[in-house]
Each structure stands twice: as C-alpha cells, then as structure tokens.
Amino acid sequence: MNFTQYFFQKQYGRSFVVGDHHTRIAAALDDVLMGKITRLIINIAPRYGKTELAVKNFIAEGLAINPASKFIHLSYSDDLALDNSEAVKDLVTSSDYQALFPDVQLKASAKAKNKWYTTEGGGVYARAAGGQVTGFGAGQVDKTEADILQADDELSLDEMLALGGETTFAGALIIDDPIKPDDADSDIVRERVNNRFDSTIINRINSRNTPIIIIMQRLHENDLCGHVMKNYPGEWTVLSLPCIIVEDGQSLEEGRALWEFKHTLDELLKMNDVNPINFGRQYMQNPQPKEGLMYRPFKEYVQIPPASKVWRKAYIDTADTGKDYLCSITYDETEIGCFVTDVIYTQDPMEITEPDTAHQLAIRQTEYAKIESNNGGRGFARNVEAHCVTLKAFNINIEWFHQSENKQARIFTNSAKVNMLIHMPAGWDKMWPKFYQHVTAYSAKGKNSHDDAPDCLTGIAENFGINHETEIDPSVLGMFH
C-alpha cells in the first residue's frame, strides 16, 4: 500500500484515496510477494482501483524486489494488456522510481509494449487472455541441488536445503479481466478463455511456486474464476469484495457501501433496481444466469423432524432420449413438506438403472413410487417391480403414467411450491453434484440444457398429499399382472 500511495502521488500529483478494500487487496498481494500465497483470486467491481494496485504497482514493486522477476500479464484484449504493460514501463523508468531502485534497468532493445526485458533477465510479456502465449515464462525455474552446489560449495547442508526452490519473489502470472462483460453469456468466448487457461496459460509458469493472480469482476457462474475454483479445488485464496456489505440476515437496504468515495449505498441500490442481474454479478460478486434462476436456495435439514405420520414416496422421471438423465428421488412426506432421502441421477442405460432404482426403493422402504415417462415408461416400471419382487420388497405400490402437460410450463408454474415444500439434506451438493448443479443453475427463462431434475422435483410438489390411502386403484396395479 505504501508503494502504491507513494508512486501514485509522484505520477499523478494527487493522493491515492484508500478504502478498506484497497488495504485488504494490498495485504493479499503482500502475502504473494512474501511467498505465503501462490494462487490468488480477487473479485471486485470495475473502477475500484484493482488494476492500479494488482497490476501496475504490483509488477513495479516485484521488479524492485528482484530485477530478474518475470511477469506475464493477460487481459481480455491486447490493447488493455499493452496499455498496462506500457504504464509499468513508464513507472520503472521514471526518475522517482530510479532514485530508489537504480538496479532496475531496461535493456536498450526494450522498445516493444508487449514484451520487454530488464538487464537482469526479468521483464514483462503482455497479451490477450484468449490468444496464444508462447516463448515466455513467468517466474524463475527452481534451482536444483546441483545448481546450488555449483554456485557455492561452501554452503552448509541446511543452507542448501533452504535454497532448494525460489528463495525470493521472482515474478507472477497476472490475469486482469480475462473476459468482457458483453461476452459473459457467450459459451463460445467463455470456453475459449477457460480452455486456453487449461491448455496453455497454466503451463507458462516456470515453477510450481510461481504465483498466479486472477483479478476480475464476476460475470458468470462459469467464468474463469468459477472454472478454476471448480476444476482446481482447494488451491485458491479468494478475496471477494461485494460493493454492499451485508451481515447475516440483512437485506441490501440494510447494508453499507464498500467505498463511499466511489458509490454511496443509495447509488448502489439504484443500480440494482435498474439491472439486478448485472449488479449481482459485477458489483456483488454473485454470478447468476442472465435470465435469473428458477429456484431460491433450498431449505436443508440435518434430521427429519418428528411427524405424526410419514409417507415414504418416490418420484421417477425416466430418460426419454439418449441425452436425458434418469432422475429417481425418494423422499419422506410429512404434513409440513417433503424431505429428500436419496437421488439417482444418471445417463446410464436401463439395464443398470432398473435394478438400481429397485434397490433404492427397497432400501428406503418406499410405499408409493410414481414413474413418469413418455417413452418406454411402462416397460421400465414393470422391470423395476420385477426387481423389487426379487429383493422381497412387496409393499411398494408402483404407478406409471404418461405426462402430457408441457414440461417447462409445469416447472415454472410449480417453482414456488417446490421451494416451499421440498427440503434437501445438508451437504446435498456433495452427495449428488450433477443433480445439484442442474437444479440450482436452472434458468427461469431461456434455454436449459437439462430439465430432468427440476421436472422430478415438480412431480414431487404436484403429488403432495396424494396416495395417502392404503388402497391403490386396482386398474393401476392391474397392468403388472
């Protein structure tokens, strides 16, 4: 923070207005410089000083610490990355910087914006995040024991072991805004950036100890931050800085502004009124699909509360096409709602799902199982019942029916009822991750890739309170004879 404040004043002739979020960002970046953090995500709204701190001054300070430091800087466009690279070059060549850090000298040939070097072998390489990154690596290659022995044969064993890797800061890979807000809902653009990270960018670090820093506003649940947190779990330190700070149980109106110098609470609330989806993404760091989500967060339970009567039920939506998922949900229905006890959610063929479903129904002591299908459902139901007989689960009443109503309309119409009635077990995101993903990311409008899980939950809500008599219509049971 001191470095940034000092050189901001020297460069622009005015003070850097420090907010609490700047202090938190600077503290995280200090931890990177000291080797305490090697994978850092900073999520904050645009124009809140992130580039000044985490790109321009961070690189300049890194070179001051070690003139041999190598940086790769990526952004959504070449122009933006090159502008930042040029700003760093202007800073390190300024008289004020040189007065403090004369060891940082640029090579005479360092004329280009996209790639320039120091006389100590350090430098900066700037590109667009979606483009090719070749011929340059961030950080320094780890020293081997042989390298250390050759450098100084008088070192003790403890000293040699201590010098086994990078012994001081040596550079970083810094990604600042890898995707434009206008492209956030483009699967093609997002996947190009995410795939580039996996195939190229992550391999451009010279050591496993070389830091990777991603600084961006959240734009989509599958933006680069969402991608790396899902695919490289446990590796990332995440600093998320929403523009309205709310405590547990508070509404946005009861919160406080992150940085009143930039936006007051009233100004932020007006922005939310105009476009709540974009505000949630860019300013609250809470990415949601552009169309909005169908469901609110589900109620979760640790133990099903005592009830005067419990009906053990199942609702099953068979896979009508090769891309569909079979969804079989068992649940305990009480007077206050439906408590999900187990889920099968799979694209496996029927020869696997039929016995698995029968086993699920038997284990959960299911009394009523309703099977929805428009293609082969009756055969599936008969085979499941046959497997139940083999398992000696004789008390299961199985009903197959043809669903003629529009699926999307049913899901939309019953979404509030689903949220009100259905309780998920705590940790259901870990128990059934694909099911969880398809339910919680289901959009209220627009195209959804898979609707089998929401369709099954809708069936549970529609059948609440039905089949509470021990007698089942004989015509339904007759089809199994």
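Anything mentioned here points back to the structure above.
All of the points below concern the structure found in this document. (Residues numbered from 1 in each chain as written. Predicted model: local features only at pLDDT ≥ 70, side-chain atom pairs only at ≥ 80, totals over all residues. Heavy atoms only, no water.)

## What about the overall build of the protein chain?
- In terms of regular secondary structure, the protein chain is built from 19 helices and 16 strands.
- Looking at the protein chain residue by residue over its 481 residues, the buried ones come to 49%.
- Within the protein chain, contacts between residues at least 6 apart in sequence are counted, and of these 72% link residues at least 24 apart.
- Here the protein chain has roughly 23,400 Å² of accessible surface; of this, 49% comes from carbon and sulfur atoms. (Helix = DSSP H or I, 4+ residues; strand = E, 2+ residues; numbered from the N terminus. Buried < 20%, exposed > 50% of the residue type's maximum accessible area, 1.4 Å probe, protein only. Contact = heavy atoms within 4.5 Å. Areas by Shrake-Rupley, 256 points an atom, 1.4 Å probe, with all protein chains shown as cover.)

## Let's talk about the pattern of salt bridges
- Counted by the stated rule, this structure contains 15 salt bridges.
- Asp 223 serves as the salt-bridge partner of Arg 218, at 2.9 Å between the closest nitrogen and oxygen. Per residue, the accessibility class of Arg 218 equals that of Asp 223, and both read buried.
- In this structure, Lys 407 engages Asp 451 in a salt bridge whose closest nitrogen and oxygen atoms are separated by 3.5 Å. A residue pair is termed long-range when its members are at least 10 positions apart, and Lys 407 in helix α14 (residues 407-413) and Asp 451 in the loop between α17 (433-440) and α18 (452-462) qualify at 44 residues.
- What you see here is one network of salt bridges that share partners, running through Glu 372, Arg 410, Asp 455 and Glu 462. (Salt bridge = Lys/Arg side-chain N within 4 Å of Asp/Glu carboxyl O.)

## Describing unusual backbone geometry
- Its identity is not glycine, yet Asp 177 carries a phi of approximately 50°, on the positive side.
- Counting through the fold element by element, Asp 177 comes out in the loop between β5 (171-176) and α8 (187-199).
- The class for Asp 177 is buried, based on a relative accessible area of 11%.
- At Gln 365, a residue that is not glycine, the phi angle is positive and equals roughly 55°.
- Following the sequence through the fold, Gln 365 ends up in the loop between α12 (350-363) and β14 (368-372).
- According to the relative accessible area criterion, Gln 365 is exposed, its value standing at 55%.

## Here we look at the packing of helix α3 (residues 50-65) against helix α4 (residues 78-92)
- Remark: α3 packs on α4, axes separated minimally by 10 Å, with the N-to-C direction vectors making an angle of 45°. Put simply, α3 runs oblique to α4. Crossing of α3 against α4: the hand is right-handed. Two secondary-structure elements touch here, α3 through Thr 51, Val 55, Lys 56, Asn 57, Ile 59, Ala 60 and Leu 63 and α4 through Asn 84, Ala 87, Val 88, Leu 91 and Val 92.
- Residues belonging to the contact of α3 with α4 are distributed by class as follows: eight nonpolar, three polar and one charged. (Axes fitted to C-alpha atoms, helices over the stretch in contact; angles between N-to-C directions. Parallel < 35°, antiparallel > 145°, perpendicular 65-115°, else oblique. Left-handed = near helix turned anticlockwise from the far one by under 90°. Nonpolar A, V, L, I, M, F, W, Y, C, P; charged D, E, K, R; others polar.)

## Brief notes about the environment of Lys 407
- Considered as a pair, Lys 407 and Thr 458 are 51 residues apart in the sequence and their alpha carbons are 9.2 Å apart.
- Discounting chain neighbours no more than four positions away, the residues touching Lys 407 are Asp 317, Asp 451, Asp 452 and Asp 455.
- Within the structure, Lys 407 has its side chain in polar contact with the side chain of Asp 451 (distance 3.5 Å). (Polar contact = N/O pair within 3.5 Å; in protein donor to acceptor, adjacent residues only side chain to side chain.)

## So, the sheet that holds strand β4 (residues 123-128)
- One open sheet holds the seven strands; their spatial order is β3-β4-β2-β5-β6-β1-β7, and the pairing between them is mixed. Each edge of the sheet is formed by a strand with only one pairing partner; in this case those strands are β3 (115-117) and β7 (237-241). Averaged over all neighbouring strand pairs, the angle between strand axes comes to 10°, with direction disregarded.
- Strand direction decides the pairing type here: strand β1 (residues 39-44) and strand β6 (residues 212-216), joined by five bridges, are parallel. Bridging from a neighbouring strand, Asn 43 pairs with Met 216 of β6.
- In the packing of helix α2 (residues 20-33) onto the sheet, contacts are made with β1, β6 and β7, and the angle to β1 comes to roughly 165°.
- Where α4 meets the sheet, it contacts β2 (70-75), β3, β4 and β5, and its direction lies at approximately 160° from that of β4. (Pairing = 2+ DSSP bridges.)

## Describing the nonpolar core
- In this structure, Phe 58, Phe 71, Val 92, Tyr 97 and Ile 174 are the most contacted members of the largest nonpolar core, which totals 53 residues.
- Per element, the largest residue contribution to this core is eight residues, and it comes from α3.
- Setting aside residues no more than four positions away along its own chain, Phe 71 makes contact with Phe 58, Ile 59, Gly 62, Leu 63, Gly 123, Val 124, Tyr 125, Phe 136, Phe 169, Gly 171, Ala 172 and Ile 174.
- Met 294, Ile 329, Val 439 and Leu 457 belong to the second-largest nonpolar core, a separate cluster that totals 28 residues. (Core = buried A, V, L, I, M, F, W, Y, C linked by side-chain atoms within 4.5 Å.)

## Comments concerning the environment of Ala 27
- Looking at the element boundaries, Ala 27 is found in helix α2.
- Once the C-alpha coordinates of Ala 27 and Met 1 are considered, the two residues, 26 residues apart in sequence, prove to be 7.9 Å apart.

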